[in-house]
Protein chains: 2
Amino acid sequence: MDYTVVEMTVEELEDERVVFGGLAESVRELADASLRTTVPAEVVAEVQTEIERLTARLRKEQIPGAFGVSMSSQGTVRGHGNAVVGLRNPVAPPLKIEHSDEGRAWSSFRLGPLYEGPPGMVHGGVAALVLDQILGEAAAAGGSPGMTGTLQLRYVQGTPLGECSAEAWIDRVEGAKTFAKAELRRSDGETTVQAEGIFILPRWAREAMDEHHQRPTRFE
Amino acid sequence: MDYTVVEMTVEELEDERVVFGGLAESVRELADASLRTTVPAEVVAEVQTEIERLTARLRKEQIPGAFGVSMSSQGTVRGHGNAVVGLRNPVAPPLKIEHSDEGRAWSSFRLGPLYEGPPGMVHGGVAALVLDQILGEAAAAGGSPGMTGTLQLRYVQGTPLGECSAEAWIDRVEGAKTFAKAELRRSDGETTVQAEGIFILPRWAREAMDEHHQRPTRFE
């Protein structure tokens, strides 16, 4: 398991957001186009060759494994590689999640054709992916960060692709366990999926935080 | 909600697999490289400009919305846009899932840095995403396809990024509800996440199948 923990200044993190965040956004657009294109096979082959050339160019210098986390001197932990919120991760929509200190997290975002399950609808597993992240962020925002212990989802109705929102809140805390609830909503505000999760702070995370003399208020 | 239902011959589906599947695979590699690259900002800017040019080229001809499904004359339904198994979807790993008639589904696959949650580990929500898909495919393989009604996940331990496998099976069927169970396993075969789901066949799917005089044995 290779991953990186980098200590960065707030300025370096900002550069990373603009430069590498911009790159990821362009790859997201390319991914959407490659899913939906109907250009002739010859054009596809030419585009593919060019993509492979660009990939080789980016790979000339790269970190050896997964992205891991960047910790700033201000004590925030940024998961720029995270599959839901990672600015540098083209697989992530990415969600920009807002938080409040009492353990609430919310976000409005767009899930386009790349997140399809049933025709025209958000994949049930993508709903779970988004809700897992926002539940964990609500737990962390309330001062009790943790990894997912259990997750329960109830699919009330299908979620049409397009504009969506999600909200999560802490229901209660019992020792190292934080119980949080969340909802996914479609563009008109109707709830489509309800979720409940238990988040547990593992030992490695407690040790890493002790080592850095800090307790992150959230993973972002 | 825009999506496409295309009737294709088996030959057309095969062309699509090779040509557009190859394109998606090259975009997946580019996504991984863009997440992990440490090349200078000037190089990133040049690469980004070229990516935008390629995207415009692919967008010259494209379907209006989400990918939807392609139905072949042989009665299989292919979700090439699906967020987990879609050959044309760069967000999908993609999983190649095998099935047996008695309602079992299994797959070996790699979850690389693009699927990270905690440092070096598979995002808990990505585990849910994969398990939701394989549970649904087990239900369908056993003759009872459906959309996710409820999904329960228990995270036994973290799943290291890298080689993984998953297996799902039908526990029981009650009317339109199929109860299925699944496990995600790390490379040494140890179970990392346990899942249980209820899958329900919605009316629109029953009607679509009647219209095509067929009952798909699976979504693939």
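See the structure above.
Residues numbered from 1 in each chain as written. Chains lettered and ligands numbered in written order. Predicted model: local features only at pLDDT ≥ 70, side-chain atom pairs only at ≥ 80, totals over all residues. Heavy atoms only, no water.

*Asks:* Go over the pattern of salt bridges, please, and point to the residues and values.
*Replies:* Taken as a whole, this structure holds 29 salt bridges over all chains when the rule is applied. One salt bridge connects Arg186 of chain A with Glu190 of chain A, and the closest N-O pair in it is separated by 3.2 Å. Judged by its relative accessible area of 39%, Glu190 of chain A falls in the partly exposed class. The partner of Glu183 of chain B in a salt bridge is Arg185 of chain B, and the shortest N-O contact between them spans 3.1 Å. Under the relative-accessibility criterion, Glu183 of chain B is labelled buried at 17%. Among the charged side chains, a salt-bridge network with shared partners connects Glu29, Asp32 and Arg36 of chain A together with Arg59 of chain B. (Salt bridge = Lys/Arg side-chain N within 4 Å of Asp/Glu carboxyl O. Buried < 20%, exposed > 50% of the residue type's maximum accessible area, 1.4 Å probe, protein only.)

*Asks:* Requested: an account of the interface of chain A and chain B, with residues and values cited.
*Replies:* With 82 residues of chain A in contact, the opposing surface of chain B contributes 82 residues. A combined buried area of about 7,700 Å² lies between chain A and chain B, and 64% of that area is made up of carbon and sulfur atoms. On inspection of chain A and its partner chain B, the count reaches 8 salt bridges. A salt bridge links Glu29 of chain B to Arg59 of chain A; the nearest nitrogen and oxygen atoms lie 2.8 Å apart. Inspection of the chain A/chain B interface yields 50 residue pairs in polar contact (both at pLDDT 80 or more). Residues of the side of chain A that touches chain B, tallied by class, amount to 44 nonpolar, 24 polar and 14 charged. In this sheet, strand S6 (residues 147-155) of chain B lies alongside strand S6 (residues 147-155) of chain A in antiparallel orientation, the contact comprising 5 bridges. Bridging across to S6 of chain B, Leu151 of chain A finds its partner in Leu153 of chain B. (Contact = heavy atoms within 4.5 Å. Buried area = accessible area lost by both parts, 1.4 Å probe. Polar contact = N/O pair within 3.5 Å; in protein donor to acceptor, adjacent residues only side chain to side chain. Nonpolar A, V, L, I, M, F, W, Y, C, P; charged D, E, K, R; others polar. Pairing = 2+ DSSP bridges. Helix = DSSP H or I, 4+ residues; strand = E, 2+ residues; numbered from the N terminus.)

*Asks:* Talk me through the packing of aromatic side chains; I want residue IDs and the actual numbers.
*Replies:* One pass over the full model with this rule turns up 0 aromatic pairs over all chains. Seen from the ring of Phe20 of chain A, Arg88 of chain A lies directly overhead, with NZ or CZ sitting 3.9 Å from the centre. (Phe/Tyr/Trp six-rings, centres within 6.5 Å; stacked < 30°, edge-to-face > 60°. Lys NZ or Arg CZ within 6 Å of the ring centre and 35° of its normal.)

*Asks:* Give me the lowdown on the relation of the copies chain A and chain B, citing residues and values where you can.
*Replies:* When chain A is brought onto chain B, the operation consists of a screw motion whose angular component is 180° and whose axial shift is 0.0 Å, with 0.0 Å RMSD remaining. The relationship between the two copies is best expressed as a two-fold rotation axis. Identified as the residue of chain A closest to the rotation axis by C-alpha distance is Gln152 of chain A, at 2.2 Å. (Least-squares fit on C-alpha atoms with pLDDT ≥ 70 in both.)

*Asks:* Explain the environment of Leu131 of chain A to me, using residue names and the numbers behind them.
*Replies:* Residues and elements named next belong to chain A. Take Leu131: it is sitting in helix H3 (residues 124-141). Given the relative accessible area of 0%, Leu131 is considered buried. When the C-alpha atoms of Leu131 and Glu183 are compared, they prove to be 7.3 Å apart, with 52 residues separating the residues in sequence. If sequence neighbours within four positions are ignored, Leu131 has contacts with Leu153, Ala166, Ala182, Glu183, Leu184, Val193 and Ala195.

*Asks:* Residue-level account of the environment of Ala195 of chain A, with values.
*Replies:* Residue and element names in this part refer to chain A. Position of Ala195 among the secondary structure elements: in strand S9 (residues 191-200). The class of Ala195 is buried, set by a relative accessible area of 7%. Sequence-wise, Ala195 and Leu184 are 11 residues apart; in three dimensions their C-alpha atoms are separated by 8.3 Å. Once residues lying within four places of it in the same chain are set aside, the contact partners of Ala195 are Leu131, Leu135, Gln152, Leu153, Ala180, Lys181 and Ala182.

*Asks:* Let's hear about the pairing of strand S5 (residues 104-111) of chain B: which residues, and what values?
*Replies:* Residues and elements named next belong to chain B. Only one face of S5 is covered, namely the one carrying Ala105, Ser107, Phe109 and Leu111; the face carrying Arg104, Trp106, Ser108 and Arg110 has none of its residues buried. Bridging between S5 and strand S7 (residues 162-174) involves 8 bridges; their strand directions are antiparallel. Bridge pairing in S7 places Ser108 opposite Ser165.

*Asks:* For the side chain of Arg36 of chain A, give the residues involved together with the corresponding values.
*Replies:* You can see Arg36 of chain A is positioned in helix H1 (residues 10-36). A polar contact of 2.8 Å, which involves the side chain of Arg36 of chain A, links it to the side chain of Asp32 of chain A. When neighbours within four sequence positions are excluded, Arg36 of chain A is seen to be in contact with Pro113 of chain A together with Arg59, Glu61, Gln62, Ile63, Pro64, Gly65 and Arg88 of chain B.

*Asks:* Describe helix H2 (residues 41-59) of chain A, naming the residues involved and giving the relevant values.
*Replies:* Along its 19 residues, H2 of chain A runs 27 Å from first to last C-alpha, staying within 8% of the 27 Å computed at 1.5 Å per residue. Where H2 of chain A is concerned, the buried positions are Val43, Val44, Val47, Gln48, Glu50, Ile51, Leu54, Thr55 and Leu58 of chain A. Turning to H2 of chain A, the residues buried within the fold contact H1 of chain A together with helix H1 (10-36) and helix H2 (41-59) of chain B. (Expected span 1.5 Å × (residues − 1).)

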